[in-house]
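Chain by chain, the residues:
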Amino acid sequence: MIADTQFFQAMKESGVKKIAVIDDAFDSPVIGETHSASLLEFLEAPANAETISDAGIDAELSSRAQEALVTGEYDDLDLQSVVRSLYAQYMEALDKRFDPNGIFNTVKGANLTNILPLLALLKNCSPKLQIVRIGAEETEAVQTNSDAELIFVDFYLDKDLSATENTFSAKSIEAKKRSLTRLKELLGGKETKQSPSVVLMSSHKVKSEAEKFREEIGTGKVFASRFGFIEKTQVTKDDNGTITIAAEAGNTLLDIIQSFEFGRALTNSLEAWLTGAGKAIDKVRTDIDGLSLKDFAYLVRFRLAEENVGLEEYLEWFFGECLLDAVSTNIEREIAGGEPPLNRISAAKRIEGAFDGPTEKVAELYHRVRLEEPRVGRQAYFRLGDVYCLETGKPKRIAAVMTPDCDLIERDGRRPSPSVLLVHGTVKPFDAPDASIADFVILDEKPYNIIWNTKELSTQPFDTWPAPGTSDEERRYIGTLRPLYAQELQRRVLADLGRVGLSVAPAIGLTAAVTISIKETSGKKKQLEIESDVLKGPVYIIPSRGGNDKSKVLFRRQFVYEFTQLLKGLDPETLPPAGKSNLKQLTDFPANQAKLHKMHVDGVHLEELVDLGIAVTGKPSFKSPTDGPWCWITVSMPKAD
């Protein structure tokens, strides 16, 4: 469960001022024969005259609506106007006075009651938010509110589709299309700097379809980093007006709202990159169009033929470098002409639990940044950085070509070098919290770190080594290190004469389990029995980058909450003096609980204190010294297969 005060604080800090909520609950109901008598009774009752007037309905309009009800003309425009005015006022103030004899609540049912708690939550925010309600049939409202900064949209947009109805029908398919159409209309042709965050919501069990919904909005319209899904039923309101937000929905809402400023700036940067890349492709295409056939012939005859280099491979490198230069230049121009740069460090720190799960996509992208995959039929010669997995022996052995490219190319049937120079290493699975990603690689869909032994060098005659780009029974070609990484490894091999500084490795996360232990008055360790699945893990490890950097542990927000409750339930008399004192600080002074928030906000380095005498360790046999922590969390990772 997430406290509503936490939601209000996040909304206040986000800077969001205008929110659009798209839901068919906002479409005024159609009054038919079933409810005509109840509405007529409401309109005729003298006691309701003030309420009717407050809804903006004059006596003449009310009289014409009553006549339509008596004659059974339910499609009468005056009658529809009266119903629309009453319903609009009801939705605006959530005031039952404007619900004639409970008709609206009956007709709308769960479609209405499921959205009301969320609306109440938004209305309670301070400073007051501008909340725009848009139904399935309100085109004008869409056109006039395209400046919304946060959009909540119903998965199925159809006032005749109930919250409990089967969604495997033609009606539900059309309802989803209508929702997408409404959202696209609201997004419109917005500039990137004005792009909103989007929360998809539903009373139906459609969480598994949320990502597909986002993709169907359109490429580049809403990035996954600014999109979330909640079930409406996870935000509830009791008879006393207390709003309860379930943990899953609360975490999603906090993630979207806390990341709003950072996410919008990130979107600007991503769009600048994509726009710059698109312009760069056009520029290089123009440059290529300007080349004549003689230019290519000259290149082949007087350079490539002599070097025995294929035209396709050379052009890939040549134009690839031209494209890289054009991309960099255009991105700089796009950023220079955009918004002032955001203090991304400050904005990112407002995101609690900024990392909340294994980043498989980032790991895959980083692997591709470092290693070019095998290209069947294209590699005619060996290259610096060719990497082979040696299939014999455990742990897995690995080797990389360190011979310079110029000595690997055949000229007149001979290479300048008589053999290929190799550096060897082993691959270490990520089965320990202190694993590094300095030389990250994915093998057989599993992440590893390569431990290069720069002292273990060997040479192999070319005729005993697999042909360029191929494998044999003992050596499997897995790709080629990109030039920057190949050259950096080559420099390490050459006695570290120079060192190339690489961009920081991304935060690639790994899951881990935990145990919680305390030190008793006797000084002995006691492992606490954990009933909560949340406290059993997973937690997440961000491996070190190598060097002096330490691995960091990030906990889920709910873990920290339940961990705090677990400690508060301990008997202080069973603890040593330091533990007793720290527990008193935690239980008697609620503000001190914030000292543990760093566990899910910034994370905690292994073998370091969190606060209040609580530590995090990756050592299974950890033993707290006399003046050491009274409570510690032991992080462990599953052993690799």
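Everything below is about the structure printed above this text.
From a predicted model like this one, the values you see are computed outputs, not experimental measurements.

Definitions and limits used
- Counting starts from 1 at the beginning of each chain's written sequence and moves along it residue by residue.
- Reporting in this predicted model follows two pLDDT cut-offs: at least 70 for local features of residues, and 80 or more for side-chain atom pairs to be given and counted; totals over whole chains, interfaces and linings ignore these cut-offs and use all residues.
- Excluding hydrogens and water, the side-chain values take into account all heavy atoms of the structure.
- Secondary structure is summarised from DSSP: a helix means a run of H or I of at least four residues, a strand means a run of E of at least two, and numbering begins at the N terminus for each.
- The buried label goes to any residue with under 20% of its type's maximum accessible area, the exposed label to any with over 50%, and the partly exposed label to all in between, with areas taken from a 1.4 Å probe on protein chains only.
- Only heavy atoms enter the contact rule, under which two residues are in contact if any of them lie within 4.5 Å.
- Per-residue and other accessible areas were derived by the Shrake-Rupley procedure at a 1.4 Å probe size, with only the shown protein chains allowed to occlude residues.
- Of the two site types, the cavity is a set of points on a 1 Å grid over the protein atoms alone where a 1.4 Å probe fits but cannot get out, and the pocket is an open set with protein on both sides within 12 Å along at least five of seven lines, each lined by residues with an atom within 4 Å of a point.
- Grid points are joined across faces, edges and corners, and a volume is the space filled by probe spheres set on the points.
- The residue classification treats Ala, Val, Leu, Ile, Met, Phe, Trp, Tyr, Cys and Pro as nonpolar and Asp, Glu, Lys and Arg as charged. All others, Gly included, are polar.
- Axis definition: a line fit to C-alpha positions, over the contact stretch in the case of helices; interaxial angles, taken between N-to-C directions, run 0 to 180 degrees.
- What sets the label is the angle itself: under 35 degrees gives roughly parallel, over 145 gives roughly antiparallel, 65 to 115 gives roughly perpendicular, and the rest give oblique.
- In a left-handed crossing the near helix is turned counterclockwise from the far helix by less than a right angle, and in a right-handed crossing that turn is clockwise.
- Pairing between two strands is assigned when DSSP locates at least 2 bridges connecting them.
- When the strands point away from the viewer, a crossover counts as right-handed if the path from the first strand over the helix to the second runs clockwise.
- What a helix is expected to span follows from its residue count: subtract one and scale by 1.5 Å.
- Only Phe, Tyr and Trp rings take part, Trp by its six-membered ring, and two of them pair if their centres are within 6.5 Å. Stacked means planes under 30 degrees apart, edge-to-face means over 60, and tilted covers everything else.
- The rule is short: NZ of Lys or CZ of Arg within 6 Å of the ring centre and within 35 degrees of the ring normal puts a charge over the ring.
- In protein, a polar contact means a hydrogen-donor-capable atom and an acceptor-capable atom, both N or O and within 3.5 Å, with residues adjacent in sequence counting only if both atoms are side-chain atoms; elsewhere, any N or O pair within 3.5 Å suffices.
- Counted as salt bridges are all cases of a side-chain nitrogen of Lys or Arg within 4 Å of a carboxyl oxygen of Asp or Glu.

Undergrad: Hey, could you run me through the overall build of the protein chain in this one?
TA: Each helix and strand counted, the protein chain has 21 helices and 22 strands in total. Taken over 641 residues, the protein chain has a buried fraction of 45%. The long-range share in the protein chain, meaning contacts at least 24 apart out of those at least 6 apart in sequence, stands at 72%. As displayed, the protein chain has an accessible area near 33,100 Å², and 51% of this comes from carbon and sulfur atoms.

Undergrad: Would you take a moment to explain empty space enclosed by the protein for this structure?
TA: Under the criterion given, the structure shown has five cavities of 30 Å³ or more. Taken together, 13 residues form the lining of the largest cavity, with Asp-24, Asn-111, Asp-154, Tyr-156 and His-204 sitting closest to its centre. The residue inventory of the lining of the largest cavity, partitioned by class, reads three nonpolar, five polar and five charged. Empty space within the second largest cavity amounts to approximately 50 Å³. Lining the second largest cavity we find His-367, Arg-370, Leu-371, Val-387, Phe-440, Val-441, Ile-450, Ile-478 and Leu-481. Among the secondary structure elements, those contributing two or more residues to the lining of the second largest cavity are helix 17 (360-370), strand 12 (440-443) and strand 14 (475-481).

Undergrad: Just checking my understanding: could you explain the packing of helix 1 (residues 4-14) against helix 12 (residues 247-258) for this structure?
TA: When two helices pack together, their arrangement is given by the angle between the helix axes and the distance between those axes. Remark: helix 1 packs on helix 12, axes separated minimally by 9 Å, with the N-to-C direction vectors making an angle of 20°. With respect to helix 12, the element helix 1 is oriented roughly parallel. Here the hand of the crossing between helix 1 and helix 12 comes out left-handed. Between helix 1, through Gln-6, Phe-7, Ala-10, Met-11 and Ser-14, and helix 12, the contact on the second element is made entirely by Leu-253, Leu-254, Ile-257 and Gln-258. Looking at side-chain class alone, the contact of helix 1 with helix 12 contains six nonpolar, three polar and no charged residues.

Undergrad: Where do I start with the pairing of strand 4 (residues 197-202) in this structure?
TA: In terms of residue burial, strand 4 counts as a mostly covered element, since six of its six residues are buried. Here strand 4 shows two buried faces, one formed by Ser-197, Val-199 and Met-201 and the other by Val-198, Leu-200 and Ser-202. Judged from the five bridges that link them, strand 3 (residues 150-154) and strand 4 form a sheet pairing that is parallel. For Phe-152, the partnering residue across the bridge sits in strand 4 and is Val-199. Pairing geometry for strand 4 and strand 5 (residues 227-231), over five bridges, is parallel. Directly across from Ser-202, in strand 5, lies its bridge partner Glu-231. Between the parallel elements strand 4 and strand 5, the chain passes through helix 11 (residues 210-217) in a crossover that is right-handed.

Undergrad: Got a minute to help me understand the sheet that holds strand 3 in this structure?
TA: Note on sheets: strands pair through backbone hydrogen bonds, and any given pair is parallel or antiparallel. Strand order in the open sheet made by the five strands is 2-1-3-4-5, with parallel pairing throughout. Looking at which strands have only one partner, the edges of the open sheet turn out to be strand 2 (130-134) and strand 5. Taken over all neighbouring pairs, the strand axes of this sheet differ in orientation by 20° on average, direction set aside. The strands touched by helix 11 are strand 4 and strand 5; relative to strand 5, the strand with the most contacts, the crossing angle is about 135°. On top of the sheet, helix 12 reaches strand 3, strand 4 and strand 5; it is set at about 155° to strand 5, its chief contact.

Undergrad: Could you clarify how one ought to interpret helix 19 (residues 557-568) in this entry?
TA: Every α-helix carries 3.6 residues per turn, so stepping three or four residues along brings you back to the same face. Spanning twelve residues, helix 19 covers 17 Å between terminal C-alpha atoms, matching the ideal 16 Å at 1.5 Å per step. Of all the residues in helix 19, the buried ones are Arg-557, Gln-558, Phe-559, Val-560, Phe-563, Thr-564 and Leu-567.

Undergrad: What should I look at first to understand the packing of aromatic side chains in this one?
TA: Each aromatic ring pair is specified by the distance between its two centres and by the angle formed by the two planes. Summed over all chains, the structure comprises 13 aromatic pairs. A ring pair is formed by Phe-382 and Phe-462, whose centres lie 5.6 Å apart and whose planes are at 40°; its orientation type is tilted. Of this pair, Phe-382 sits in the loop between strand 8 (371-372) and strand 9 (386-390) while Phe-462 sits in the loop between strand 13 (446-461) and strand 14; the two residues are 80 residues apart in sequence, bridging distant segments of the chain. For the pair shown, Phe-382 and Phe-462 are each scored as buried. An aromatic cluster of three or more residues is present, and its members are Tyr-87, Tyr-90 and Phe-104. Directly above the aromatic system of Phe-462 lies the positively charged group of Arg-415, at a separation of 4.2 Å from the ring centroid.

Undergrad: Explanation requested: the sheet that holds strand 12 in the structure shown.
TA: Sheet architecture is open: seven strands sit in the order 8-14-9-10-11-13-12, paired in antiparallel fashion. Where the open sheet ends on each side, the last strands, each with one partner, are strand 8 and strand 12. Sheet topology note: the strand 8/strand 14 ladder contains two bridges and is antiparallel. Bridging across to strand 14, Leu-371 finds its partner in Leu-481. Along the sheet, helix 17 contacts strand 8, strand 12 and strand 14; its crossing angle with strand 12, the most-contacted strand, is approximately 105°.

Undergrad: Explain unusual backbone geometry to me, please; I cannot follow it from the model alone.
TA: Generally, phi is negative for residues other than glycine and the peptide bonds are trans, each holding for most cases. Residue Ser-126 is joined to Pro-127 through a cis peptide bond whose omega torsion reads 0°. Along the chain, Pro-127 turns up in the loop between helix 8 (116-123) and strand 2. Phi at Asp-444 takes a positive value of approximately 50°, unusual for a residue other than glycine. Along the polypeptide, Asp-444 turns up in the loop between strand 12 and strand 13.

Undergrad: Hey, could you run me through the pairing of strand 22 (residues 631-636) in this one?
TA: The element strand 22 is largely enclosed, with a buried count of five among its six residues. Here strand 15 (residues 510-519) runs beside strand 22; their pairing, made up of six bridges, is antiparallel. Paired with Ile-518 across the strands is Cys-631, a residue of strand 22. Bridge count for strand 21 (residues 614-617) against strand 22 is four bridges, and the pairing is parallel. Within strand 22, the residue paired with Ile-614 across the bridge is Cys-631.

Undergrad: So what exactly am I meant to see when it comes to the environment of Tyr-74 here?
TA: Tracing the sequence through the fold places Tyr-74 in the loop between helix 4 (59-71) and helix 5 (77-93). For the pair formed by Tyr-74 and Ile-31, sequence separation is 43 residues and the distance between their alpha carbons is 6.6 Å. Contact partners of Tyr-74, with chain neighbours within four places excluded, come to Ile-31, Gly-32, Glu-33, Ser-36, Leu-69, Leu-79 and Gln-80. Within the structure, Tyr-74 has its side chain in polar contact with the side chain of Ser-36 (distance 3.5 Å).

Undergrad: I keep staring at the pattern of salt bridges and nothing clicks. Help me out?
TA: If charged atoms from side chains of opposite charge come close, those side chains can pair. Counted according to the given criterion, the structure contains 29 salt bridges. The shortest N-O distance in the salt bridge between Lys-18 and Asp-147 comes to 2.6 Å. Of this pair, Lys-18 sits in strand 1 (residues 18-22) while Asp-147 sits in the loop between helix 9 (139-143) and strand 3, and the two are 129 residues apart along the sequence. The class of Lys-18 is buried, set by a relative accessible area of 8%. The residue Lys-550 makes a salt bridge to Glu-608 at a minimum N-O spacing of 3.9 Å. In this pair, Lys-550 is assigned in the loop between strand 17 (539-542) and strand 18 (552-554) and Glu-608 in strand 20 (residues 608-611), connecting sequence segments 58 residues apart.

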